[in-house]
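# Coordinate analysis (summary)
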Amino acid sequence: MVSEHHLRRRVQFYETDMAGLVHFTWFFRYMEEAEHALWRAAGLSIAEQGSHVGWPRVSASFEFYSPLRFEDEFDVHLRITAMTAGRIHYRCVLWKGETRIAEGALEIACVRRNADGTISAREIPPEVRAALSAAEEL
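Let me sum up the structure you'll find in this document. (Residues numbered from 1 in each chain as written. Predicted model: local features only at pLDDT ≥ 70, side-chain atom pairs only at ≥ 80, totals over all residues. Heavy atoms only, no water.)

### Focus on the environment of Val 11
For Val 11, the position within the fold is in the loop between β1 (4-10) and α1 (25-41). The buried category is assigned to Val 11, whose relative accessible area is 1%. On a C-alpha basis, the gap between Val 11 and His 89 in space is 26 Å, while along the polypeptide they are 78 residues apart. Apart from residues no more than four positions distant in its own chain, Val 11 is found in contact with Thr 16, Val 22, Tyr 30, Leu 68, Arg 69, Phe 70, Glu 71, Asp 72 and Phe 74. (Helix = DSSP H or I, 4+ residues; strand = E, 2+ residues; numbered from the N terminus. Buried < 20%, exposed > 50% of the residue type's maximum accessible area, 1.4 Å probe, protein only. Contact = heavy atoms within 4.5 Å.)

This is the structure:
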C-alpha cells in the first residue's frame, strides 16, 4: 500500500513570472504531478484508458511561505490524509532544503462517467482503496 510520495524537481524558466518567481499556479501542477507519481507507485493510473471512473478535483488550496526561482531544486511531499467512501484528501508540502516553501491541500471525488456524458458520485473501487492507504496528518 502507498499513502505518500516524494518527488524532486527543478524550476524551469517557463514556470516563472516577470518577477523571476514561480507563478502561483505552478504549485497546483507540482501537487498534481506528485499525486500522479503516488498513484503510479501504487501500480495505478488516475486516468486509466477505457475506465468509467473519474477523479475530479473538489477543492485545492495553497499557502506560500518562501519563493522559488529559476533553477531552484525542491522537493514535493504528498501524503493521503484521509480516504472516505468516495473522496481522497491529500496534504502537500514543498521544501527547498530545510526551507518550507509552500503547503497545500487537495480533495478529489470518485465519480462514474455515465454514457450520456454526465457524472455521478460513486464509491472508491476496492482495488484503488487497497492500493492507496490513508495516512495520518504530516
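### Side note on the packing of aromatic side chains
Applying the stated rule across the entire model yields ten aromatic pairs. Ring centres of Trp 26 and Tyr 30 lie 6.2 Å apart, and the angle between their planes is 40°; on these two criteria the pair is classed as tilted. One end of the pair, Trp 26, and the other, Tyr 30, are both in helix α1, four residues apart, so they sit about a helical turn from each other. Tyr 30 shares its class with Trp 26; the two are buried. With centroids separated by 5.9 Å and ring planes inclined at 70°, the aromatic side chains of Phe 27 and Tyr 30 adopt a geometry described as edge-to-face. With a gap of three residues between them, Phe 27 and Tyr 30 both fall in helix α1, about one helical turn apart. Classification of Phe 27 by relative accessible area gives buried; the value is 3%. Here Tyr 30 falls in the buried class, since its relative accessible area comes to 0%. (Phe/Tyr/Trp six-rings, centres within 6.5 Å; stacked < 30°, edge-to-face > 60°.)

### A closer look at α1
The terminal C-alpha atoms of α1 lie 25 Å apart, and with 17 residues this matches the ideal 24 Å at 1.5 Å per residue to within 8%. When α1 is considered as a whole, its buried residues turn out to be Trp 26, Phe 27, Tyr 30, Met 31, Ala 34, Glu 35, Ala 37, Leu 38 and Trp 39. Each element contacted by the buried residues of α1 is listed here: β1, β3 (57-64), β4 (73-83), β5 (87-96), β6 (99-109) and α2 (126-131). (Expected span 1.5 Å × (residues − 1).)

### Things to note about the sheet that holds strand β8 (residues 119-121)
Strand order in this open sheet of three strands is β2-β7-β8, and the pairing throughout is antiparallel. Either end of the sheet is taken by a strand with one partner, and the two such strands are β2 (53-54) and β8. (Pairing = 2+ DSSP bridges.)

### A look at the pattern of salt bridges
All chains considered together, the criterion is met by twelve salt bridges. Note that Glu 71 and Arg 10 form a salt bridge whose closest N and O atoms lie 3.5 Å from each other. Taken as a pair, Glu 71 in the loop between β3 and β4 and Arg 10 in strand β1 lie far apart in primary sequence, 61 residues in all. Judged by relative accessible area, which is 36%, Arg 10 ranks as partly exposed. With its nearest N and O atoms 3.7 Å apart, the salt bridge here joins Arg 10 to Glu 73. Residue Arg 10 is located in strand β1, and its partner Glu 73 is located in strand β4; the two are separated by 63 residues in the primary sequence. Connected through shared salt-bridge partners, Arg 9, Glu 15 and Glu 33 make up one network. (Salt bridge = Lys/Arg side-chain N within 4 Å of Asp/Glu carboxyl O.)

### Considering the side chain of Arg 9
Relative to the helices and strands, Arg 9 is located in strand β1. Among the polar contacts listed, one links the side chain of Arg 9 to the side chain of Glu 15, at a separation of 3.0 Å. If sequence neighbours within four positions are ignored, Arg 9 has contacts with Glu 15, Tyr 30, Glu 33, Asp 72, Glu 73 and Phe 74. (Polar contact = N/O pair within 3.5 Å; in protein donor to acceptor, adjacent residues only side chain to side chain.)

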